[in-house]
Amino acid sequence: MNLHRPIAEGEVTAVEIRVRGRVQGVGFRPTVWRLAREHGLSGEVLNDADGVLVRVGGSAQAIADFVARMHREPPPLGRIDQVEIRDFAGELATEFRIAESVGGTTHTQVTPDAGVCPECAREVLDPFERRFRYPFTNCTHCGPRFSIVTGVPYDREQTTMATFAMCPDCEREYRDPADRRFHAEAIACHACGPKARLVRFDRAAVSFDQHSMLDDVDAVCGLLQKGEIVAIKGLGGFQLACDATRADTVSRLRALKHRDAKPFALMARDLDVIRRYARVDGEAERVLTSPEAPIVIHPADGPELLPEAIAPGLRTLGFMLPTTPLHLLVLRRMTRPVVMTSGNLCDEPQVIDEETARERLSGIAPYALIHDRAIANRIDDSVVRIMADRPRLIRRARGYAPAPIKLPPGFETAPELLAMGGELKATFCLVKDGEAILSQHQGDLEDVATYDDYRKNLTLYATLFDHTPVALIADRHPEYLSTKLARERAQAEGLALIELQHHHAHVAACLAENAYPLDAAPVLGIVLDGLGLGDDGTIWGGEFLLADYRGYERLGTFKPVAMPGGAAAVKEPWRNLYAHLMAEMGPAHFAMNFAELELFAYLEAKPRATLDAMIKNGVNAPLASSCGRLFDAVAAALGLCRERQAYEGEAGAKLEGIVDDDALHNEDEALAYPLSIPNLRGSGLPYIEPLAMWNAILGDLILNTPAPVMAARFHKGLAKAIAAMARKLARRDRADGARFDRIALSGGCFQNLVLFEEVTRRLEAEDFTVLSHSQVPANDGGLALGQAAIGAAHVLNAKNKPREGNASCASESQAAL
Ligand SMILES: [Zn+2]
Ligand SMILES: [Zn+2]
């Protein structure tokens, strides 16, 4: 049936409608059922291996209206990717029905957990509803999914709700297609579901002097208001909560949790509370209130201030709204924001069970709000930042994982592959049926508990997605635990192993999430991050790569500078500052011109002789062309973070945090710090040379130029140099045409809003098309997606051109372009 031709009056017909997308396990069938009935259509709807199949009969006009509404009004968690309509000649049920699923291979997708929906939120706050104040209320449009799943297919028996038998009322709702809880697998109520309980970790009885408490959940609010720290068993793990406006409590939480400076996440009961402390624009509001319900990073410029200890040295605050009815009820009477940070010590993974919570958290929080629905899978809160008017995932976990990301055109026939990710902020990625399934954020694999969880999740995803890879893909860095594991598995299982250059994978991640086709022309990938192993055995981290999925050519870089102390230089910014100054101007020039600086005295007091020897002899002082280390050095020069970074990226975050807006946007461009682009001796590779910048920075220090102005000049100068490098590399004046007209930005440094927006603006002003990250993090959290895409390109290439290469070879060819 062609819905675009005019429909004759009274025409009656029957069609079969194939719907693809996120249409299973999200209440799509009952939505179709309701719409079909409203339009007086006969027929049926069912799940099968390809998605949802609808067969309807009725007037052609009613069918056309029905299809239009299905597009317009999908269920909140549903997403239609494709609809095909063809005539149908078979028998149809007279009364529209939901039919049994067909096909042995039917796999109901495991969807991400979703934040409490408006309807459920209303019910739990309404004294006349049977779920009034029930903390585990959920429906087809919201509630736990991934965090409670233990196997497939996704039904109640394969979740941690299996131990709760439905009461007759819940059972009736579950069976009724007209009910919002039709087939809501986690359905529960006061009578039959999990219960929340406030306990003391020391097992003493909880007694309260206040009698106004409604229940245990409400009592938590009272404790928070009194300045207590409370552990809360949340959706994907335990959290630690306290009143965010009490500086003493926040500092106590920091000290007890051994968390020096990393910003705390906040939760507020509504947008009005957030707006007292932060600027919430339209896009940020949309993301905050979306079913994904992540932490959104906002500019901290509301009328009221929170204690400095919430986000030391930063001008941003990460806020989320209540993500579950439990949080909603805890915060109901709380007119102030609360800290809602992950329940763990320092960098360990979030605790998910009560015994471990008692063991690890009882020294931090005397009280815990617990419940008897087990958390099957640990999943952190996701973090989003709005940059250049679009939401960008900084950490992709709850609400987003494990939703698949469609691979670009050309990847449709890729076989099943597994990309193992990096080392820090690790994720892994499955390739299956033309889609990439990126795991939730795992954390830093060097932590033993995190590594255990990473391996557990590899097994879990293999089960949930019925996945058997034909090849493994890993970073080329031999010391990454993910690489070591890939090598072991490849050996043990006889699988092909593809090892990739770190920054190439970053570019590919950016291309893949932007649906950049497999066979499209190479782009310039600008990858700015901390460290990744380069092809020449040195450390890379500020790279300009002409790249596609199949290969890359390194066209430009940052200046390689020694990292005296190796890993110590990653932690201690002053080491990079010293190495930069010595590499640029040398000790004599520095002493002659800048001896009056406090900075000079500071560095004089350091073990300079040792560092000099390391640098001179190249012992434990690897060369790194790293943008991240340049940020560290500049932050150290400005006195923002010199001795030690409390968390990865702290120096860079603080440098961004103090940027003076007026200097950034209104000051003469000529005052931006100058960086030049000469060629490296030997390779002839163009590189970003910061010598003139260092002279200008030290000169500004002598003039007592305010640090926020200097930070602005640094960001601007760097962005200008990056744009100039791109212009130079493009060779637009060549008779045979420019080398590229598209540029992909990736790497953790691009999570710096000022740098990202300045670079993007300048590149777009030069008519480059800029591709950037949004669905996956620009940092190593997105790396596995890029590995997966490159791996798939290799395997497809090998399939198509068997004589040109073998996908099982251990390394990729650099000059494959
Ligand atoms: Zn709901
Ligand atoms: Zn019930």
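What this report covers is the structure whose coordinates are included nearby. (Residues numbered from 1 in each chain as written. Chains lettered and ligands numbered in written order. Predicted model: local features only at pLDDT ≥ 70, side-chain atom pairs only at ≥ 80, totals over all residues. Heavy atoms only, no water.)

### A short note on the coordination of the zinc ion (ligand 2)
Thought 1: Protein ligation of the zinc ion (ligand 2) involves Cys-167 (SG), Cys-170 (SG), Cys-189 (SG) and Cys-192 (SG), the donor distances falling in the range 2.2 to 2.3 Å.
Thought 2: Because the angles between the four donor atoms bound to the zinc ion (ligand 2) fall within 103 to 116°, the donor set is best described as tetrahedral.
Thought 3: Taken in chain order, the donor set of the zinc ion (ligand 2) reads C-x2-C-x18-C-x2-C. Of the two residues, Cys-170 is situated in helix 4 (residues 168-175) and Cys-192 in the loop between helix 4 and strand 6 (196-200); the sequence distance between them amounts to 22 residues. For the pair Cys-170 and Cys-192, a shared accessibility class is recorded, and that class is buried. (Donors = N, O, S within 2.8 Å, 3.2 Å for Na, K, Ca; no water. Tetrahedral: all angles 85-135°; square planar, octahedral: opposite > 155°, others 65-115°. Helix = DSSP H or I, 4+ residues; strand = E, 2+ residues; numbered from the N terminus. Buried < 20%, exposed > 50% of the residue type's maximum accessible area, 1.4 Å probe, protein only.)

### A closer look at helix 13 (residues 502-513)
Thought 1: Taking 1.5 Å per residue as the helical rise, helix 13 with its twelve residues ought to reach 16 Å, and the 17 Å between its terminal C-alpha atoms agrees with that figure.
Thought 2: The buried fraction of helix 13 amounts to twelve of the twelve residues, a majority that puts the element mostly inside the structure.
Thought 3: Considered for burial, the residues of helix 13 that qualify are His-502, His-503, His-504, Ala-505, His-506, Val-507, Ala-508, Ala-509, Cys-510, Leu-511, Ala-512 and Glu-513.
Thought 4: One or two residues past the end of helix 13 sits Ala-515, with phi positive at roughly 55°. (Expected span 1.5 Å × (residues − 1).)

### Some points on the coordination of the zinc ion (ligand 1)
Thought 1: Donor atoms from the polypeptide that bind the zinc ion (ligand 1) are Cys-117 (SG), Cys-120 (SG), Cys-139 (SG) and Cys-142 (SG), placed at 2.3 to 2.4 Å.
Thought 2: Because the angles between the four donor atoms bound to the zinc ion (ligand 1) fall within 105 to 119°, the donor set is best described as tetrahedral.
Thought 3: By relative accessible area, which is 8% here, Cys-117 ends up buried.

### Some thoughts on helix 11 (residues 448-464)
Thought 1: With 17 residues, helix 11 extends 24 Å between its outermost C-alpha atoms, agreeing within 8% with the 24 Å of an ideal straight helix rising 1.5 Å per residue.
Thought 2: Turning to helix 11, its buried residues are Thr-450, Tyr-451, Asp-453, Tyr-454, Asn-457, Leu-458, Leu-460, Tyr-461 and Leu-464.
Thought 3: Among the structural elements, strand 17 (417-419), strand 18 (429-432), strand 19 (435-438) and helix 12 (481-493) are those in contact with the buried residues of helix 11.
Thought 4: Between the side-chain oxygen at the start of helix 11 and the backbone nitrogen of Ala-449 there is a gap of 3.3 Å, and the oxygen is on Asp-447. (Contact = heavy atoms within 4.5 Å. Polar contact = N/O pair within 3.5 Å; in protein donor to acceptor, adjacent residues only side chain to side chain.)

### Digging into the pattern of salt bridges
Thought 1: Inspection of the entire model under this criterion finds 64 salt bridges.
Thought 2: Residue Arg-172 is joined to Asp-169 by a salt bridge in which the shortest nitrogen-to-oxygen separation is 3.2 Å. Highlighted residues: Arg-172 and Asp-169, both in helix 4, separated by three residues, approximately one helical turn.
Thought 3: You can call Asp-169 partly exposed: its relative accessible area is 34%.
Thought 4: Among the salt bridges present, the one from Arg-455 reaches Asp-452, with a minimum N-O distance of 3.1 Å. Of this pair, Arg-455 and Asp-452 both sit in helix 11, three residues apart, which is roughly one turn of the helix.
Thought 5: The class of Arg-455 is partly exposed, set by a relative accessible area of 37%.
Thought 6: What makes Asp-452 partly exposed here is its relative accessible area of 39%. (Salt bridge = Lys/Arg side-chain N within 4 Å of Asp/Glu carboxyl O.)

### So, the pairing of strand 23 (residues 539-547)
Thought 1: Among the nine residues in strand 23, nine count as buried, and that is most of the element.
Thought 2: Sheet analysis places strand 22 (residues 523-533) next to strand 23, joined by eight bridges and oriented antiparallel. The residue of strand 23 that forms the bridge with Leu-533 is Ile-539.
Thought 3: Connecting strand 22 to the next strand, strand 23, in antiparallel fashion are five residues, including Gly-537 with a positive phi near 85°.
Thought 4: Sheet topology places strand 23 next to strand 26 (residues 623-626); three bridges connect them, and they run parallel. The residue bridging Ile-539 from the neighbouring strand is Ala-624, located in strand 26.
Thought 5: In terms of strand pairing, strand 23 meets strand 24 (residues 552-558) through five bridges, oriented antiparallel. Considered in strand 24, the bridge of Glu-543 is made with Thr-557.
Thought 6: As consecutive antiparallel partners, strand 23 and strand 24 are separated by four residues. (Pairing = 2+ DSSP bridges.)

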